[in-house]
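The primary structure of each chain is shown beneath.
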Amino acid sequence: MALEVMARAEAPIPLHVDFRVEPGELLALVGHSGSGKTTLLRTIAGLWTPAQARVRVAGRAWLDTAARVNLPAHRRRVGLVFQTYALFPHMNATQNVMAAMERADAAEAARILDLVNLHGLGGRRPAQLSGGQQQRVALARALARRPQALLLDEPFSAVDRATRERLHAEIIALRAHLKMPVVLVTHDVNEAQLLADRMVVIAQGAVVRAGTTAEVMADAEALRAMGIRELAVMLPATVAEHLPDGLSRLDAPTGPLFLPTVAGEPGTRVRVRIMAHDVILSRDRPEGLSAQNILEGRITRIAPGQGPGVVVHVAVGGHEILARITRRAADQLELRPGDTVHAILKSMSVARDHVARAPDGGRSTE
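Residues numbered from 1 in each chain as written. Predicted model: local features only at pLDDT ≥ 70, side-chain atom pairs only at ≥ 80, totals over all residues. Heavy atoms only, no water.

Our focus in this paragraph is the packing of aromatic side chains. When we look at a pair of aromatic rings, we describe it by the centre distance and by the angle of the planes. Going through the model one piece at a time under the given rule, you end up with zero aromatic pairs. Note that Arg141 overlies the ring of Phe88, its terminal NZ or CZ placed 5.9 Å from the centroid. (Phe/Tyr/Trp six-rings, centres within 6.5 Å; stacked < 30°, edge-to-face > 60°. Lys NZ or Arg CZ within 6 Å of the ring centre and 35° of its normal.)

This brings us to helix H4 (residues 131-144). In a regular helix each residue adds 1.5 Å, so 14 residues correspond to 20 Å; H4 covers 20 Å between its end C-alpha atoms and thus fits that length. Counting buried residues along H4, 13 of its 14 residues qualify, which places the element largely inside the surrounding structure. Arg146 lies just past H4 and shows a positive phi near 50°. (Helix = DSSP H or I, 4+ residues; strand = E, 2+ residues; numbered from the N terminus. Expected span 1.5 Å × (residues − 1). Buried < 20%, exposed > 50% of the residue type's maximum accessible area, 1.4 Å probe, protein only.)

With that settled, consider the pairing of strand S4 (residues 52-57). The side-chain alternation of S4 yields one buried face, formed by Ala53, Val55 and Val57, and one unburied face, formed by Gln52, Arg54 and Arg56. Examined bridge by bridge, strand S1 (residues 3-9) and S4 share six bridges and lie antiparallel to one another. The partner of Met6 across the bridge, within S4, is Arg54. With four bridges joining them, S4 and strand S5 (residues 60-64) adopt antiparallel strand pairing. By the bridge assignment for S5, Arg54 is matched with Asp64. Here S4 folds back onto S5 in antiparallel fashion, the turn holding two residues, of which Ala58 has a positive phi close to 55°. (Pairing = 2+ DSSP bridges.)

Moving on: the sheet that holds strand S20 (residues 340-345). Backbone-to-backbone hydrogen bonds join strands into a sheet, with any given pair of strands oriented parallel or antiparallel. With antiparallel pairing, the five strands of this open sheet are ordered in space as S16-S20-S17-S18-S19. Since the sheet does not close on itself, it has two edges, and those belong to strand S16 (279-282) and strand S19 (319-326), each with one partner. On average, adjacent strands in this sheet sit at an angle of 45° to one another, irrespective of strand direction. (Axes fitted to C-alpha atoms, helices over the stretch in contact; angles between N-to-C directions.)

Taken as a whole and assessed by the stated rule, the structure comprises eleven salt bridges. Residue Glu4 is joined to Arg20 by a salt bridge in which the shortest nitrogen-to-oxygen separation is 3.7 Å. On the criterion of sequence distance, the pair formed by Glu4 in strand S1 and Arg20 in strand S2 (residues 15-21) is long-range, its members being 16 residues apart. Taking the relative accessible area as the measure of exposure, Glu4 reaches 28% and is therefore partly exposed. The class for Arg20 is partly exposed, based on a relative accessible area of 39%. Residues Arg111 and Glu108 are paired through a salt bridge, measuring 2.8 Å at the closest nitrogen-oxygen approach. Placement of the pair is Arg111 and Glu108 together in helix H3 (residues 106-115), with a separation of three residues, close to one helical turn. The structure contains a network of salt bridges with shared partners spanning Glu4, Arg20 and Glu22. (Salt bridge = Lys/Arg side-chain N within 4 Å of Asp/Glu carboxyl O.)

Take it as geometry only, folks, not as evidence of what the structure does.
Written out as structure tokens, the structure reads:
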């Protein structure tokens, strides 16, 4: 049930985009405002038609301008979640969900509301719900259509940071139940990296970079297109224990990591976002430092930047850590691919919202 998209247009904005999303995969479309992200979602949903376009789901054409196929929006099995919720104010949560069904079914609506953690709130109208709860109703309504593709258009931008973090965790947990392709439009790179399997970076209607989140976040050109300078990697880890001094010990392929208290019982699988500018490199294992995380690895590549910096790629435990340091520091340390180095990371440099449950959302079975 893969989603295949091709779009070409010159107006209202230029578009020259191709991408494919596999069943159960979450793809993030990332770029500046006006880059064409939302226009692409509208194309998939049947709300706009470019000069040349093709949208296929599970091998069936929803749109093919060359073949003169263009299914109207109501005939496309697509779930669409907007940043503004777009709920019916005179209906309660259950009724909002039932409104999206081909055949209204209160029991099924209640089951879907339970799936998005709204158990017992079906009788409340939107005005009686918080922003995060309204967004969950909007998501439940999209799922009620039994969509072949789920489209999320900046779905968390209208809520506060704490609510956004909770919704991120719920989307990650919900993904275990989603078998359709999911496309997320976001300008928040941290959000994309935490939630997405792959990313497509768009600038002025064209694809700058497409690949896994790790590939994109290690690409300086892609980051410049997104308007950010900071590289980052995601490391898988498992919560090992919570310590009395306020730190949590995580077991990672790179070695143990000590971070401020991480939500989750021991055994919970998480992903940790490590910013390249927070990593310091040392030739020898340092002694007498306050930093709690010292990881030994081997340099695989040194990539020059446009300014005085370089990005050092360090292989550690089958994964990669990036360090953004000055060219002067790299020369002084005489760093070369193949050299052994120690990557140093302060515990307090990892922000709370840079740790999230892994997409499988469960406890380790190892």
